[in-house]
There are 2 protein chains.
Amino acid sequence: MASAAGTSEAAVPKDLSRAGEQAETAFMRAVLRRVPAVSGARLSDEGTETPALVFDADAVEHNCARLREVMTPFEGAVSARPHVKSHKCPALARRQLELSGGTCKGICAQKVCEAEAMAAGGVRDILLSNQVVSAPKLARLAALAASGCAVSVLVDDADQVRFASAAASSAHTTLGVLVEVDVGQRRCGVATVPEAVALAKLATAMPGLEFRGVQCYHGAAQHIRDYEARKAAIDGVAGIARACVAQLTAAGLPCATVTGGGSGTFEFEAASGAFTEVQPGSSVVWDRDYSDNLGPDGKRVGETGFRHALQVLATVISRTTALPNPRVVLDCGLKCMSGESGLPALLRVLSGKSEAASGAAAASTTQPPLKVVGLSDEHTQIELDLDDPRVVAAVAASGGGADAVAAVADEMLPKVRDRVLLAPGHCDPTCNLHDFALWARGDVVEEVMEISARSPGL
Amino acid sequence: MASAAGTSEAAVPKDLSRAGEQAETAFMRAVLRRVPAVSGARLSDEGTETPALVFDADAVEHNCARLREVMTPFEGAVSARPHVKSHKCPALARRQLELSGGTCKGICAQKVCEAEAMAAGGVRDILLSNQVVSAPKLARLAALAASGCAVSVLVDDADQVRFASAAASSAHTTLGVLVEVDVGQRRCGVATVPEAVALAKLATAMPGLEFRGVQCYHGAAQHIRDYEARKAAIDGVAGIARACVAQLTAAGLPCATVTGGGSGTFEFEAASGAFTEVQPGSSVVWDRDYSDNLGPDGKRVGETGFRHALQVLATVISRTTALPNPRVVLDCGLKCMSGESGLPALLRVLSGKSEAASGAAAASTTQPPLKVVGLSDEHTQIELDLDDPRVVAAVAASGGGADAVAAVADEMLPKVRDRVLLAPGHCDPTCNLHDFALWARGDVVEEVMEISARSPGL
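Everything numeric in this text was worked out from a predicted model, so none of it was measured. (Residues numbered from 1 in each chain as written. Chains lettered and ligands numbered in written order. Predicted model: local features only at pLDDT ≥ 70, side-chain atom pairs only at ≥ 80, totals over all residues. Heavy atoms only, no water.)

**Examining helix α12 (residues 401-412) of chain B**
Residues and elements named next belong to chain B.
Next, step 1: The terminal C-alpha atoms of α12, which comprises 12 residues, lie 16 Å apart, in line with the 16 Å expected from a rise of 1.5 Å per residue.
Next, step 2: Every buried residue belonging to α12 is among Ala-404, Val-405, Val-408 and Ala-409, and all of these are buried. Seen end-on, α12 carries its buried residues on one side only, within an arc spanning 135°. Away from its buried face by more than 90 degrees, α12 exposes Asp-403 and Glu-411.
Next, step 3: On the buried face of α12, the contacting elements are β10 (310-320), β14 (380-384) and α11 (389-397). (Helix = DSSP H or I, 4+ residues; strand = E, 2+ residues; numbered from the N terminus. Expected span 1.5 Å × (residues − 1). Buried < 20%, exposed > 50% of the residue type's maximum accessible area, 1.4 Å probe, protein only. Arc of directions from axis to C-beta. Contact = heavy atoms within 4.5 Å.)

What follows is the structure in C-alpha cells.
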C-alpha cells in the first residue's frame, strides 16, 4: 500500500472532492488546533511538542510586579489599561489584572473579535482602541455593551460617530466614545484639536453614545532609541493632550479620560500629568525590540525593568559542524514567529536528553557562543560564533584548522533533538500565530492557555 | 448596566477564573474561527467581513494553465510537485492537481501537520520536504504511510535516518527517504556528495526505509533579481545534482528522484536535465516578491507569466484629506499579512457602496494615484501620491495650495467603508494567519475554503 512519494505509480486519486472535504473538516478540529503539551509536562520532554509558545511564569509575575511599582507614584491619578493585543490570551489578561491589583482598571483590545474573546473570558471593561466602521462589527460591539460589558471605541470621523450611534441605538445600549487625535504617528486620528472638539460635540449629541475623552497614542515614539529624544516626543504628545482637554472643557465637554502610552514610553505619559490612563500592553511579555531602547545613562535598557516572558520553544532538526558555517537549524520559522522586526534572540539551550542535563543548562548563566543568523518560513539558523574568544581559544588549543573547528563545533553546538528557547522580535504578531501557549515555571508546564483572541481580525 | 470603559466604577470582576475559562472555550469554537462570507456573497457586500483572504479564481486557473504550459516541453522527464506550504489549503491543492492534469504527481508539505491535513483532504502522494526528528512527529508520519499514503521525508544526518527507521518499523510500514544536499542555501542539507552517498547507504540498509533520491533545493536563488545570475546559480545546483546521481549510481544506489526548484527558478531546474521533479509552490498564488525578478530582457517579470491570485480584502476605516499626508487607513495589518517581505501592493479599489460602482472600479485598468506606505499590527496606510502627474495637474487646476490638495484628496481617496484588494508581500506566512479563504470569481464568492494546514507547525 505504502508506495513512496516521487514514484510514477503513486498517482493522484481521481475523486478528490466531497469525501476529502468532509474528512478534512473533522480532522481539522482534532489536529489543527493541537495542544503542544499537557499540564505537568516538562519543556525538555520529547512529549512536549515544538514549536510551542511559552509564557515564562516567573517573568510574567516579575513584569506585573514591576508595572505596579512603576505606576505606584501615580496612584489615584493614572490607571493602567494594558493592551491585550500583545498576547491575545484571556487567561493571561485575567492573570495580569489579578497580579496588578488596583493598578489596572481594564484592558484595551484592538479588534472586535479580541474584545469578544476577552469578554467571554471574563474581562469586562474594554476600550476598543481602534476605529470600527462596518455595520456587522459595530452590531457585535453594541451587543457586547448590551450584555453588560463596559465598552468604548475610538472615532476620528463624523461617519464613524453616526455609524456607532446607529448600532448602539439599535441594540438599546450605550457605547463610550473617545476621539483619537493624531499626535505624530500619522496614521489614524484627527489632525487638529478643533476637529477633536467638533467630533466630541457630535458624539455628545448623538443617541446611544457617551463622550468619554481622547486617545493620544504615539506608537512610533516607543521605538526611538535615544532616551531624551523619546522623552521629548512624549512631551510633545502631552502638550497636545493638554490642549485637547482645555479646549473641550472650554466648549463645555468634560474630558474624563486621556488615554495612550505604550510599553516603550508609558512612564513618560504617566508622569506627564496630562494622562489618566496608560496602555503598556507589552510590559507583561516584553518585546525583544524594547530591550534595544536606551536608558537615561545611554545604555540599552535590556531586561533590567521587564523580562522577555514570551518565548518560543524549538527543537534542533539539523546540524553541520563543518566550515564555512558550523550551525544548527531549528524547527521554527515564520509560521510561529513574526519576522518583520528582525531575528529572535537566543535565550537558553535545553537538553532534550535528560532532566539532569536540562537542570544544568538552566543553571548556566553564561550565554553560549552561538548567534541567530537566519529566519525563514519553517527554519531558524543558529551559527557557532567563530569570532567568540572562547571559540577562538578552543580552536587554537585543538591545533587550528578546519578539523579543529569541526571538533569544537561538535562540542559547542546543541545536538539534533536538543531544544532551545528564543525571544521573538515582536510579540503581538507572534502570539497571533498560535492557538495555545504553555504557562511554564522553569522547565515545568503549569497550565495550557488558549490564545483565543488570535485571528486575522474578523 | 453598560457603563463605559475608562470610568472608575467599572471595576474588574472579582472571580475571573473558572466560569470565564469555560465560556471562553465554548466561545472560541463559534467565533474565533469566523467565516468571512458565505458562498454567493460579493466581496463588495458589507456582509462579507474583512480582513479576508481571497483566492482569485480566474488568476488561480490562469496560473495552473501557465504551469502546465511551462512544463509541457519536459513531459515524461520532469514532473511538478507543487509545494503546498504556499497556501496550506487542501481544497486549493485538490484544485491545483486537477487543473494541472498529469503535470503534477503529488505535493510537497513542509510540516507533519501539513501532510496530515493534505492527506485528510484527499491528497495522498506527499513529500515531506524537511527534516523530522521528534519521535511523536515521526510516529504520526509513519501512521500516514501506514494508512496508505505515499510518504517520503528528507534526511541530512545519520540520527534522523535511525529515528525514521525506528518509527516506520514500529508502524510496520515504509517511509521513502531522500537525502537533502546543501546546494548553496547554507541551511539544511549535507555539505558534500560523499556524505550524501554515505547517508543513502545507511538509509538503504535500515529497516522500514526506502532510499528514493536527493533533494537539491536552493530557496535563496529564487530571489536573485538578475536573470543571468539567477540562471547561473541554478546551473551550479544542477552540477551538484548530477554529481550526486553519478556517485550514487557508481555506489550501486539508483537515484530515482532528484527534486527541488521553487517558483522563482523552477524553469531552470526543469530544463537542466538533472531534475526529475520541481516544486513551484507559489506558482498558483504568485508572491508579490517574484514579480520583482528580472526576465532575460532585464525587465521586471511582473505578472506576465503568473498572476497575484492571493489577495487580501480590506476596508477603509479612517481617512484624512489634509496635508502633510492625505491618506486612508485599512483594517488589515500584520494579523492578516506577513510583513517581513515588505509592504503589500494595492491591486484594486472596490466601492462598498453599490454594485454598479464596484463594477466600474473592476473595469478600470488605470492604477489610482495611491501608494501603500505603512503596515503595522492592525493597519495598512495608503497615501495619495502627491508626485503623481494626475494629482499635480488636479491640484494646479484647483488653484494650488493646501485647500486644493484637500479637495483633490477628497475626490481621489477611497471613502470610509470602501474596500480594497491588496497583494501581500509573502504568501506562505500570510496564508498561515487565516482559517479560511474566499474562492472568488470577480466580485462573487463561489466557495469558502479552509486553510486547514495553518499551524505554528505542531
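Read on, since the account is not over.
**Examining the packing of aromatic side chains**
Residue and element names in this part refer to chain A.
Next, step 1: Summed over the entire model, instances satisfying the criterion amount to 8 aromatic pairs over all chains.
Next, step 2: With a centroid separation of 6.4 Å and an interplanar angle of 55°, the aromatic rings of Phe-266 and Phe-306 are classed as tilted. Linking Phe-266 in helix α9 (residues 266-271) with Phe-306 in the loop between β9 (277-278) and β10 (310-320), this pair joins segments that are 40 residues apart in sequence. Both residues of the pair, Phe-266 and Phe-306, belong to the buried class.
Next, step 3: Within the aromatic cluster, the residues linked to one another by ring pairs are Phe-266, Trp-286, Tyr-290 and Phe-306.
Next, step 4: Of note, Arg-95 hangs over the ring of Trp-439, and the distance from its end group to the ring centre comes to 4.5 Å. (Phe/Tyr/Trp six-rings, centres within 6.5 Å; stacked < 30°, edge-to-face > 60°. Lys NZ or Arg CZ within 6 Å of the ring centre and 35° of its normal.)

**Things to note about helix α11 (residues 389-397) of chain A**
Next, step 1: N-capping of α11(A) is provided by Asp388(A), with a side-chain oxygen placed 2.8 Å from the backbone N of Arg390(A).
Next, step 2: Directly beyond the C-terminal end of α11(A), a positive phi value near 100° is found at Gly399(A). (Polar contact = N/O pair within 3.5 Å; in protein donor to acceptor, adjacent residues only side chain to side chain.)

**Structural notes on the interface of chain B and chain A**
Next, step 1: The interface of chain B with chain A comprises 123 residues on the first partner and 123 residues on the second.
Next, step 2: Between chain B and chain A, roughly 10000 Å² of surface is buried when both sides are summed, and carbon and sulfur atoms account for 54% of that area.
Next, step 3: Asp435(B) serves as the salt-bridge partner of Arg454(A), at 2.8 Å between the closest nitrogen and oxygen.
Next, step 4: The interface formed by chain B and chain A includes 41 residue pairs in polar contact (both at pLDDT 80 or more).
Next, step 5: Here the side of chain B that touches chain A takes 10 residues from helix α1 (residues 18-32) of chain B, the largest share from any one element.
Next, step 6: Of the residues belonging to the side of chain B that touches chain A, the class tally is 48 nonpolar, 36 polar and 39 charged. (Buried area = accessible area lost by both parts, 1.4 Å probe. Salt bridge = Lys/Arg side-chain N within 4 Å of Asp/Glu carboxyl O. Nonpolar A, V, L, I, M, F, W, Y, C, P; charged D, E, K, R; others polar.)

**Describing the confidence of the model for chain A**
Residue and element names in this part refer to chain A.
Next, step 1: Mean pLDDT over chain A works out to 90, with 90% of the residues at or above the 70 mark.
Next, step 2: Long-range and interchain partners of residues 1-31, a stretch whose pLDDT sits below 50, account for 72 contacts in this model, where long-range means more than four residues apart.
Next, step 3: Below pLDDT 50 for its whole length, residues 352-363 participates in 18 contacts with residues either more than four positions away or in separate chains. (pLDDT = per-residue confidence, 0-100.)

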